[in-house]
Amino acid sequence: MPEIYSKYPMVKYLRKEALPTALCPGCGGGTVLNAFANAIDQLKIDPRDIVVVSGIGCSAWIASPYFLADTLHTTHGRAIAFATGVKVGLPNKYVVVISGDGDLASIGGNHLLHAARRNVDITVILVNNFIYGMTGGQVAPTTPFGAITTTTPYRNIEHPLKIAETVAAAGASYVARWTTAHVYQLIESIKKALTTKGFSLVEVISQCPVQFGRRNKMKEPAEMLRWFLKNSIPINKAKNMSEEELEGKFVIGEFVNRRRPEFVEELNKLIRDVQSSLVR
Amino acid sequence: MIIRGDEPEQIELLRKLYKPGNYFMMGDEAVAYGAIFAGCRFYAGYPITPSSEIAETMARELPKVGGYYLQMEDEIASIAAMIGASWTGLKAMTATSGPGFSLMQENIGYAVMTETPIVIVDVQRSGPSTGQATKGAQGDFFQARWGTHGDHPIVAVSPVSVEDAFWETIRAFNIAERLRTPVVVLFDGILAHTREQIRIPDPEEVEIVYRKLPQNEEEAKLPFGDPHGDGVPPMPLFGHGYFTHVTGSTHKENGLRDVYTQEVHDRLVRRIHRKIEKNKHVYEKYEEYYTDDAEILVVSWGVSARPSLGAVLRARKEGIKVGLFVPKTVHPFPGDRIRELGRNVRAILVPEMNLGQMILEVQRFVNDDVLLKGINKIGGIPLTVEEILKEIRGVV
């Protein structure tokens, strides 16, 4: 283990006593953690000013416990609700949620929508690997139509949820989607998400060769990355494409980047207004 | 590190906003004012009858004292947000009723496991399911105790009047802070909507407790240790550079997960139990009336305690040697005292607005030669003095 401390500069952001990670070889989680650490490094954010909240599942482990900050590893699906309480208590800190598609968009879907609607200033990095990895590769609300999983052994007959599009429609200030094959764009988007005042979501399409790829003719991590690259369509190009043409494709890029009144700021403004009206 | 609501100017502010004196108010409002006096500065909730007036009062009053009111998308989000807020140093409360309380159960367990001080008010209504939404009941006695999964201790208090609701809410916060644990207030729909006179005290009369914070870097590095031997670890708050890791999974003293080692789980869960067992003096509270020479004992809690007292007073006038025992902290149940009292009486009556819940706790502590009888009424109408008196006469 010691050699990694001289070899990888980003390792200074990791909780040494929690290493090595529990992630499988070839997992996209490492790329996400690396991209997040690089974003923090480039923005020169002190990790003492970050609180990372996560739910349950493989992707929930990416930053909690491995990222060296205050970390809150919560119940399944509820990370964003916990993070809302943290942000109210610590309005001047960066509150980040890193968790998976099953956690944030399935059981936690309601919290995701309402945090976006309220426009709470938290940054959500949603790792979408199309599958429930930790529980053994069951179908998720993001599993592609027709894919094979342990609970869809014949084929998936449900349609996947378009997370980034949905959260953008719910009212988030910043929404982007990239894949683990677009690392530099991903880092830039995480930086933008962190510095955006308001709710921001970065959806990362990520490979799970062990639970998803293996059952869908992409056993090797590199095969999955090639699949991402081949099927990624930049958002500007996608605008001129029909729904049929976009079937099974990954629309990547920035979906929204806008300013709206932010929840915690408005809450504190309201308190100041009420208190000053009492003085009079 | 700070616990908000602790600032000296708060006393002056409270005194100015809520002039000491007598007020006429609802039980739900008394809970809300009790919370504000206890230092609660964060409320997250979801409306549900008959608890909604607590939320409405908090929404109106909290901003005046610099506190935060959040109406979340559901009860699960509400308790989650409270736990997040508590780790930043805010005293947090939510209020709900039966169905909402059921939804909160998983995160009550999370608060137990992560030793997060929060207060959950359950304004009990009739069930199961939607039941009678606007009516009161006492059917959540065991949901409070055993609603969440796993081996866990829980502290639950239960007020008997509107004024008592004010003080018991304050006591719930003090217990939560002292023991770093979630505390349930088992209130009910009848008292919640009853209007009575209550005295709002001067804020200086109210004893307020704040959680133990780490004294040094070393203590902060062990957020789940036991440096003082009382089972209660100091709580390193988020945002102070301690890099604290908090998880509902089995964890070591430093907070890091270890879900494989039997000994680690055993040590953690037993300490969480021991912290409650060892600190009985912090939470145990009951009231006794005429128990010295009683041959018959009435044991009653919450909304049923007052008609019980009425019946005991009437029976005493008739020369019946009957006493009353009212547990104000219902979990952990004051079994030792019940055992003592049970030795000297021949009959115990347990009036409650359910089909027999607390009576099972009483049963655990009394011998078979004591006649044990429940007085049970359901359907949303409280027990009357006459109904209880009739049963007392019946066992004479």
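Look up: the structure comes first, before these words.
Along each chain, numbering runs from 1 in the same order as the chain's sequence is written. Here the convention is simple: chains get letters from A, ligands get numbers from 1, in the order in which they are written. Totals for whole chains, interfaces and linings use every residue, but because this is a predicted model, local features are given only for residues with pLDDT of at least 70 and side-chain atom pairs only at 80 or more, for both listing and counting. As a convention, hydrogens and water are excluded, and side-chain values are obtained from all of the structure's heavy atoms.

*Asks:* What should I look at first to understand unusual backbone geometry in this one?
*Replies:* The omega torsion of the bond from L19 of chain A to P20 of chain A falls at 0 degrees, within 30 degrees of zero and hence cis. For the bond from T49 of chain B to P50 of chain B, the omega torsion is 0 degrees, close enough to zero to count as cis. Relative to the assigned elements, P50 of chain B resides in the loop between β2 (40-45) and α3 (52-61). Although it is not a glycine, K44 of chain A sits at a positive phi angle of roughly 55 degrees. Put simply, DSSP marks the helices as runs of H or I at least four residues long and the strands as runs of E at least two long, and each gets a number from the N terminus on. Its place among the elements puts K44 of chain A in the loop between α2 (29-43) and β1 (50-54). Positive phi, close to 55 degrees, is recorded for F243 of chain B, a residue that is not glycine. Here F243 of chain B lies in the loop between α9 (217-220) and β9 (245-247).

*Asks:* Looking at this structure, I do not really get the pattern of salt bridges. What am I missing?
*Replies:* Pairs can form between side chains of opposite charge once their charged atoms are near each other. By definition, a salt bridge exists where a carboxyl oxygen of Asp or Glu is found within 4 Å of a side-chain nitrogen of Lys or Arg. If you walk through the whole model with that rule in mind, you get 42 salt bridges over all chains. Here R306 of chain B makes a salt bridge to E196 of chain B, at a shortest N to O gap of 2.5 Å. With R306 of chain B in helix α12 (residues 305-317) and E196 of chain B in strand β8 (residues 195-200), this residue pair connects regions lying 110 residues apart in the sequence. With a 1.4 Å probe rolled over the protein chains alone, any residue whose accessible area is under 20% of its type maximum counts as buried; one over 50% counts as exposed, and the rest are partly exposed. What makes E196 of chain B buried here is its relative accessible area of 17%. Across the salt bridge formed by R267 of chain B and E253 of chain B, the nearest N and O atoms sit 2.9 Å from each other. Taken together, the residues span a long stretch of sequence, with R267 of chain B in helix α10 (residues 262-278) and E253 of chain B in the loop between β9 and α10 at a distance of 14 residues. Connected through shared salt-bridge partners, K87, D121, K197 and E265 of chain A make up one network.

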